[in-house]
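A look at the structure
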Number of protein chains: 2
Amino acid sequence: MKRAKGFLQRIIQAIKRGPLRMTRKRERLLGALLAMDRPVSAAALRDKAGLPESDLVTVYRTLEAFEGVGIIQRIPLEESGCLFELTEPDDHHHHFVCRECHRTERLDLCLAIELEEQARKLGFTQINHLMEVYGLCEDCQPAAASGD
Amino acid sequence: MKRAKGFLQRIIQAIKRGPLRMTRKRERLLGALLAMDRPVSAAALRDKAGLPESDLVTVYRTLEAFEGVGIIQRIPLEESGCLFELTEPDDHHHHFVCRECHRTERLDLCLAIELEEQARKLGFTQINHLMEVYGLCEDCQPAAASGD
DNA sequence: AAGCATAATGAAAACGACTTTCATAACGAA
DNA sequence: TTCGTTATGAAAGTCGTTTTCATTATGCTT
């Protein structure tokens, strides 16, 4: 639990500010997100929250709603799909992602300023960017030098 | 046409080095890729190469084959899908991508060295990274201050 | 030029992650 | 408690991409 104490309160505030409603499922999903020690897929989140198979659609809808409030960040995977992470609305960062087990580490290195400046010079507006690093984490190294 | 003259030759060399074969369709696809002034989707490439609808699968297979030889770079889009670009095998760069018309500009700014170093420190191997900037290009700006 | 192993193609279906539709249920402000 | 709005559930749909498997083409070897 490496979260600030008021985090949950602020989240609920953020949600109630808009037209969103806090339902039992959303509470469970929020709880599961808070309890996660790493970004998760929608299906993994559903399972963590103890929701049935069929609630995957609710998970997606909830994540979308939370994303609109700025408390969910989406981490694209290399091939397809993405992971979701609970964040403070303006906490900009990227990730190291294990392409095997999807363990992620925070990456606080970013060229955001330069990227946006260059993009603006090219005439782009409404700029955002993607930066993720993929690899195999320590636990997922292929067994080396063995009989294999 | 901003390609080096020997580019096509080198590509064909690279292809023949492996078990790949040069077929008429692959030649057409290669020609279309060379003629493109920007990265394209698989479907757009098929159309540019004058191949029928049903050849989309051939396009994907060809792109995969070419990617294996290192002459194709894949540019992920924000939502889903990706664009393909013909590149020299070791030409590392990223892109500015218009999320509306998919026009792209080259981005030669990268933190590759630092990213990989940090990732290695964390115990990651087989590292690669994704970095793309998305926005609306000049031509795709929403009409401002007009009657709308 | 034939033969032949291997690679490429075509049609069709499968895939996976998500999104939509539409009817029903639940929320929460009044 | 009423009521307008939002959330949910079931089921099907979407989109880009991949797989399967039978058929055809390529290009190295004679």
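**Let's talk about the overall build of chain A**
Along its length, chain A carries 5 helices and 5 strands. Listed by position from the N terminus, the elements making up chain A come as α-α-α-α-β-β-β-β-α-β. Taking the principal axes of its C-alpha atoms as reference, chain A extends roughly 55 × 50 × 30 Å. A separation threshold of at least 6 residues defines the contact pool for chain A, and within that pool the share at least 24 residues apart is 46%. A total of about 8,400 Å² of accessible surface is found on chain A, and carbon and sulfur atoms cover 49% of it. Charged side chains of chain A number 21 positive and 23 negative; the gap between the two group centres comes to 10 Å.

**Focus on the state of the cysteines**
Following the criterion strictly, the structure yields 0 disulfides over all chains and no others. Considering cysteine sulfurs only, B:Cys82 is the nearest to A:Cys82, which forms no disulfide, with 16 Å between them. Of all cysteine sulfurs in the structure, the one in B:Cys140 sits closest to B:Cys101, which takes part in no disulfide; the separation is 3.6 Å.

**Re the interface of chain A and chain B**
Note: interface size is frequently given as the accessible area lost on complex formation between the parts. In this complex, chain A contributes 34 residues to the contact, which on the side of chain B involves 35 residues. Around 3,000 Å² of area is buried between chain A and chain B when both sides are counted, 64% of it from carbon and sulfur atoms. Remark: the boundary between chain A and chain B carries 0 salt bridges. Linking chain A with chain B are 16 residue pairs in polar contact (both at pLDDT 80 or more).

Cut-off values and rules
The residue numbers shown here count from 1 along each chain, following its written sequence. Going through the entries in the order they are written, you letter the chains from A and number the ligands from 1. Whole-chain, interface and lining totals are the exception, using all residues; otherwise, since this is a predicted model, local features are given only for residues with pLDDT of at least 70 and side-chain atom pairs are given and counted only at 80 or more. To obtain the side-chain values, all non-hydrogen atoms of the structure were used and water was disregarded. Only runs of H or I of at least four residues qualify as helices and only runs of E of at least two qualify as strands under DSSP, and these elements are numbered from the N terminus. Note on contacts: a residue pair is in contact if any heavy atoms of the two residues lie within 4.5 Å. For accessible areas, the Shrake-Rupley method is used with a probe of radius 1.4 Å. Any residue's cover is judged against the shown protein chains and nothing else. Charged residues are defined here as Lys and Arg on the positive side and Asp and Glu on the negative side; His and the ends of the chain fall outside this count. Charged side chains are reduced to one point each, which is NZ for Lys, CZ for Arg, CG for Asp and CD for Glu. Two cysteine sulfurs form what is called a disulfide whenever their separation falls within 2.5 Å. A simple way to read buried area is as the amount of 1.4 Å-probe accessible surface that goes missing from two parts once joined, with both sides added. Within this document, salt bridges are pairs made up of a side-chain nitrogen of Lys or Arg and a carboxyl oxygen of Asp or Glu, the two lying within 4 Å of each other. Here a polar contact is taken to be a pair of N or O atoms separated by no more than 3.5 Å, where protein atoms must pair a possible hydrogen donor with a possible acceptor and residues adjacent in sequence count only if both atoms sit in side chains.

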